[in-house]
Amino acid sequence: MQRLNTVNATKVNSNLATFDPAAFGKVGVLFGGRSAERDVSIMSGTGVLNALKSRGVDAHAFDPGTQSLAELAEQKFDRVFIALHGRYGEDGSLQGALEQLGIPYTGSGVMASSVGMDKITTKKIWKMDEIPTPDYMSIDPTTDLDEVLVALGLPLIVKPPLEGSTIGITKVNKADELKAAVELAMGFDPVVLAEEFVTGREFTVAVLGTGKNARALPIVEIVAPEGNYDYQNKYFTDDTQYHCPAQLDPALTEEIQRHAVNAYRALGCEGWGRVDVLVRKEDMRPFLLEVNTSPGMTSHSLVPMAARAVGISYEDLCLEILASARLKMAKAKG
């Protein structure tokens, strides 16, 4: 079956595009999966599925958590929209399977998805590219925790590097809390991340596009109850406040957006993503925390919020992301 790698689009003044729904062919929306973020992925994918259907796209739900790769191949999708979060959907494993099956897909490829999912590897690359990120240490079962305290000070953050949505994360305020925090995080990953704690304001930057065409959307500031932007406050309450565009000095806005796009490009991200940022209170210096290569698309999600600030509706955002679906690996010559 011939795969569709491009979609004809007529550009309009708003920098959006109008698409012929039939040109997308049969579309699979992949959501659910087997990660700890399954419930959120179902919310994201349901929103995307309904949006695409509302615009006349021949879109169908597919849950890799309950359906096999053989079933995915049998569906003969012309392209898929990945609305999976976390392991087995955002970490490059599914992307590799889609490359093998020859099904164009949204978002980043195998390598960028894998690297972006691993917060430790992400930080190593960002440090080499002089992209500002908090100091950190990797902790394994042989690590001397006293050395971590000396290197990073208190408070500090401990988190599993391969999880998202603040799962398994602990803010360590006292030295005697570190061991328990590490044990919690190691329940998810054998090597965990200890990170310098940055006191300040919390922001996120959505990025659309690929390479030189990657662009930042307006910055969103997140103001969570008592500064605790945890799983509950992300998805299930209305207590968290969001300000978009964030009220920042124009020069700082430009700096944060520039760092976010550079960080996205440094990992080789494609299509769309979201970069989380803290701005230190004492000197207003930005520090990048992580990149999400398959961000949330729920009613509380931040990429749709940023898109709305420049006149891109949820439905148009889904179409733009879907239009970017492609196979990332070049065909071998032979």
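The preceding data block contains the structure.
As for the nonpolar core
Here is step 1 of the chain: Membership of the largest hydrophobic core comes to 33 residues, with the highest contact counts inside it found for Leu52 and Phe81.
Here is step 2 of the chain: Mapped by element, the contributors of at least two residues to this core are strand E3 (26–30), helix H1 (38–54), strand E10 (200–208), strand E12 (220–223), helix H10 (302–308) and helix H11 (314–323).
Here is step 3 of the chain: In terms of residue count, H11 provides more of this core than any other element does, seven residues in total.
Here is step 4 of the chain: Within the second largest apolar cluster, 24 residues are counted, among which are Val115, Ile219, Val275 and Val277.

Some points on the packing of helix H6 (residues 145–152) against helix H7 (residues 178–186)
Here is step 1 of the chain: Close contact between H6 and H7 brings their axes to 11 Å; oriented N to C, the two are set at 105 degrees. With respect to their mutual orientation, H6 and H7 come out roughly perpendicular. For the pair formed by H6 and H7, the contact residues are Leu145, Val148 and Leu149 on the first element and Leu178, Lys179 and Val182 on the second.
Here is step 2 of the chain: Considered class by class, the residues forming the contact of H6 with H7 number five nonpolar, no polar and one charged.

A few points about the sheet that holds strand E9 (residues 192–196)
Here is step 1 of the chain: If you trace the four strands from one edge of the open sheet to the other, you get E6-E9-E7-E8, paired in antiparallel fashion. Because the sheet does not close on itself, it has two edges, and the strands there are strand E6 (136–139) and strand E8 (170–172). Within the sheet, the average angular offset between the axes of one strand and its neighbour, ignoring direction, is 25 degrees.
Here is step 2 of the chain: As paired elements, strand E7 (residues 156–159) and E9 share four bridges and run antiparallel to each other. Residue pairing across strands places Lys159 opposite Leu193, the latter belonging to E9.
Here is step 3 of the chain: The strands touched by H6 are E6, E7 and E9; relative to E6, the strand with the most contacts, the crossing angle is about 170 degrees.

Notes on unusual backbone geometry
Here is step 1 of the chain: Following Leu154, the chain continues to Pro155 via a peptide bond in cis, the omega torsion being -5 degrees.
Here is step 2 of the chain: Structurally, Pro155 can be placed in the loop between H6 and E7.
Here is step 3 of the chain: Cis geometry marks the peptide bond from Cys244 to Pro245; its omega dihedral reads 0 degrees.
Here is step 4 of the chain: Among the structural elements, Pro245 can be located in the loop between strand E13 (241–243) and helix H9 (250–266).
Here is step 5 of the chain: In this structure, Glu130 takes a positive phi of about 60 degrees despite not being glycine.
Here is step 6 of the chain: With respect to the helices and strands, the residue Glu130 is situated in the loop between helix H5 (119–128) and E6.

Side note on H7
Here is step 1 of the chain: When H7 is considered as a whole, its buried residues turn out to be Leu178, Ala181, Val182 and Ala185. All buried residues of H7 lie within an arc of 100 degrees about the axis, which places them on one face of the element.
Here is step 2 of the chain: On its buried face, H7 sits against E6, H6, E7, E8 and E9.

A closer look at H9
Here is step 1 of the chain: With 17 residues, H9 should cover 24 Å at 1.5 Å per step; its first-to-last C-alpha distance of 24 Å lies within 8% of that length.
Here is step 2 of the chain: Burial in H9 covers these residues: Leu252, Thr253, Ile256, His259, Ala260, Val261, Ala263 and Tyr264.
Here is step 3 of the chain: On its buried face, H9 sits against H5, E10, strand E11 (215–216), strand E14 (272–280) and strand E15 (286–292).

Focus on the packing of aromatic side chains
Here is step 1 of the chain: Throughout the structure, instances matching the rule amount to two aromatic pairs.
Here is step 2 of the chain: Aromatic pair Phe62 and Phe77: ring centres 6.4 Å apart, planes at 85 degrees, arrangement edge-to-face. Separated by 15 residues along the polypeptide, Phe62 in strand E4 (residues 58–62) and Phe77 in the loop between helix H2 (69–74) and strand E5 (79–82) bring together distant segments of the chain.
Here is step 3 of the chain: On the basis of relative accessible area, Phe62 is assigned to the buried category, the value being 2%.

Rules used throughout
Residues numbered from 1 in each chain as written. Predicted model: local features only at pLDDT ≥ 70, side-chain atom pairs only at ≥ 80, totals over all residues. Heavy atoms only, no water. Core = buried A, V, L, I, M, F, W, Y, C linked by side-chain atoms within 4.5 Å. Buried < 20%, exposed > 50% of the residue type's maximum accessible area, 1.4 Å probe, protein only. Helix = DSSP H or I, 4+ residues; strand = E, 2+ residues; numbered from the N terminus. Axes fitted to C-alpha atoms, helices over the stretch in contact; angles between N-to-C directions. Parallel < 35°, antiparallel > 145°, perpendicular 65-115°, else oblique. Contact = heavy atoms within 4.5 Å. Nonpolar A, V, L, I, M, F, W, Y, C, P; charged D, E, K, R; others polar. Pairing = 2+ DSSP bridges. Arc of directions from axis to C-beta. Expected span 1.5 Å × (residues − 1). Phe/Tyr/Trp six-rings, centres within 6.5 Å; stacked < 30°, edge-to-face > 60°.

Worth remembering: the numbers are spatial, not functional.
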